[in-house]
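Each chain, written out:
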Amino acid sequence: MNFLPTTFDELKGANIKQLDIIFVTGDAYVDHPSFGVALLGRLLESKGYKVGIIAQPMNIEDVKRLGRPRLFFGVASGNVDSMVANYTASRKKRRSDDYTPGGINNRRPDRAVIQYVNLIRQAFKDVVVVIGGIEASLRRFAHYDWWSDKVRKSILLDSKADILVYGMGETATVEIAKRLESGQSIDGIRGTVVWKSSLNGLENGSNKSLHVPSYEEVCTDTDAYGRMYKDVSLMTDPFKEIVIIQKQDNRYVVQYPPAFPLGQNELDELYLLPYTRRVHPFYEAQGNVKAIETVRFSITSVRGCFGNCAFCALSNHQTTHIVSRSEESILEEVRRLTKMPEFRGTITDVGGPTANMYGSECDVRQS
Ligand code: SF4
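A short tour of the structure in this document, coming up. (Residues numbered from 1 in each chain as written. Predicted model: local features only at pLDDT ≥ 70, side-chain atom pairs only at ≥ 80, totals over all residues. Heavy atoms only, no water.)

Quick look at the site of the ligand
To keep it simple, the criterion reads: When at least one non-hydrogen atom of a residue lies within 4 Å of a molecule or strand, that residue is treated as near it. Each residue is assigned to one class: nonpolar for Ala, Val, Leu, Ile, Met, Phe, Trp, Tyr, Cys and Pro, charged for Asp, Glu, Lys and Arg, and polar for all the others, Gly among them.
The ligand sits among Cys305, Asn308, Cys309, Phe311, Cys312, Leu314 and Thr354. In terms of residue class, the shell around the ligand is made up of five nonpolar, two polar and no charged.

Describing helix α5 (residues 112-123)
Stated formally: Helix and strand definitions here come from DSSP, where helices need a minimum of 4 consecutive H or I residues and strands a minimum of 2 consecutive E residues; each element is numbered from the N-terminal end. Helices are assigned an expected span. That span is 1.5 Å times one less than the residue count. Buried residues are those whose accessible area, probed at 1.4 Å on protein chains only, stays under 20% of the maximum for their type, while exposed residues exceed 50% and partly exposed ones sit between those limits.
Taking 1.5 Å per residue, twelve residues should reach 16 Å; α5 reaches 16 Å between its end C-alpha atoms and fits that length. Where α5 is concerned, the buried positions are Ala112, Val113, Ile114, Tyr116, Val117, Leu119, Ile120 and Ala123.

What to know about the pattern of salt bridges
For clarity, the cut-off: Any Lys or Arg side-chain nitrogen located within 4 Å of an Asp or Glu carboxyl oxygen qualifies as a salt bridge.
Taken as a whole and assessed by the stated rule, the structure comprises 24 salt bridges. Across the pair Asp20 and Arg70 runs a salt bridge, and its minimum N-O distance is 2.7 Å. Here Asp20 is found in the loop between α1 (8-13) and β1 (21-25), whereas its partner Arg70 is found in the loop between α3 (60-64) and β3 (72-76), with 50 residues between them in sequence. A relative accessible area of 40% means that Arg70 is categorised as partly exposed. The shortest N-O distance in the salt bridge between Arg121 and Asp162 comes to 3.0 Å. Taken together, the residues Arg121 in helix α5 and Asp162 in the loop between α7 (155-159) and β7 (163-165) connect sequence positions 41 residues apart. The exposure class of Asp162 is partly exposed, given its relative accessible area of 34%. A network of salt bridges, in which partner residues are shared, links Asp81, Arg111, Arg139 and Asp145.

A word on the packing of aromatic side chains
Applied cut-off: Pairing of aromatic side chains requires ring centres within 6.5 Å, counting the rings of Phe and Tyr and the six-membered ring of Trp. Pairs whose planes differ by under 30 degrees are stacked, by over 60 edge-to-face, and all others tilted. Here, a charge over a ring is recorded when the distance from Lys NZ or Arg CZ to the ring centre is within 6 Å and its angle to the ring normal is within 35 degrees.
Summed over all chains, the structure comprises six aromatic pairs. When the ring of Phe3 is compared with that of Tyr29, the centres are 6.0 Å apart and the planes differ by 85°; the resulting orientation is edge-to-face. Note that Phe3 is positioned in the segment before α1 and Tyr29 in the loop between β1 and α2 (36-46), a separation of 26 residues in sequence. For Tyr29, a relative accessible area of 1% puts it in the buried group. Between the aromatic rings of Phe239 and Phe260, the centroid separation amounts to 5.2 Å while the plane-to-plane angle is 45°, which identifies the pairing as tilted. Of this pair, Phe239 sits in the loop between α10 (222-234) and β10 (242-248) while Phe260 sits in the loop between β11 (251-255) and α11 (264-271), and the two are 21 residues apart along the sequence. Classification of Phe239 by relative accessible area gives partly exposed; the value is 38%. Positioned above the aromatic ring of Trp146 is the side chain of Arg91, whose terminal nitrogen or guanidinium carbon lies 3.9 Å from the ring centre. Here Arg251 stacks its cationic end above the ring of Trp195, 5.4 Å away from the centre of that ring.

Topic: unusual backbone geometry
Despite not being glycine, Arg111 has its phi angle at roughly 50°, a positive value. Inspection of the secondary structure puts Arg111 in the loop between α4 (82-86) and α5. The residue Thr319 is not glycine, and still its phi comes out positive at about 65°. Residue position: Thr319 is located in the loop between α14 (314-318) and β14 (323-324).

Here is the structure:
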């Protein structure tokens, strides 16, 4: 059973001298497509890159254990924002964590993305660091943070990462790998956010740009905050082709248009990559990871939600476009599940992030 490597012994066993990409995540390594870094890792592996995963690092030695990656470190808090994972809405510390071996909430730091980038920067000078996942994605502009009760800057500035990938991230992450491989700039990629000290060049070309109220304005003016949030939400449609700019102190946070949704073939291929659907033995030996139980025999059939409800972040992440897998692909995944020794005859779920919107994208919709 092949997992992506997470220990030095696995690298030695596979005769890998240097990995191309290493993901650092706040969840245990569960090799299942419901886990973002497993999905991106398998996708990059299918494109020929050597990928490793370091889950829940506690110190610099942990982030050093697979060496320095040739292309970049990818950092995520895990499947949940670390502040949501660590605290209740009434700001009480959560005791349990279904994404941690043994279920005890003692492995994920608060503001995990910032903490992990700090560890990487201490361990490896000048390595490229890409942040992504739900925590980075939803904190990409100035945002209100319930736990500190204040408006925080973009997590890209607070973490000092090189680039932020927002949304589901497949095309942007592969594009970053390709560009770094060929020595090109990673500026200007759809589905990413960067920061700049000047807008020279950005507004002279064909880009349509939208300036939203600055960090300083949204800190003191709730109407400005509302306008910023509305503009960012309405521009999550990739076909609008808008670059969003927000000034934060003397820098500009620049969001390039969202990545186009994957096509049906791409989604089919993604979910049929060789996931083991198990917890990596290195983490399993430390205790049961409960989160696998609810998804091990579930199947993703669709992405996106056209509901676009004001209180929900889903369309900010998956867009309002519905993409459905083919029936053949879903049936092939069913066949694979039924061959697993743990299978007891029940597929627990076939669906997506919301109500059943399978096959309901409008053919003539452009935006
Ligand atoms: S997932 Fe549900 S709450 Fe969120 S936008 Fe869709 S319909 Fe609305």
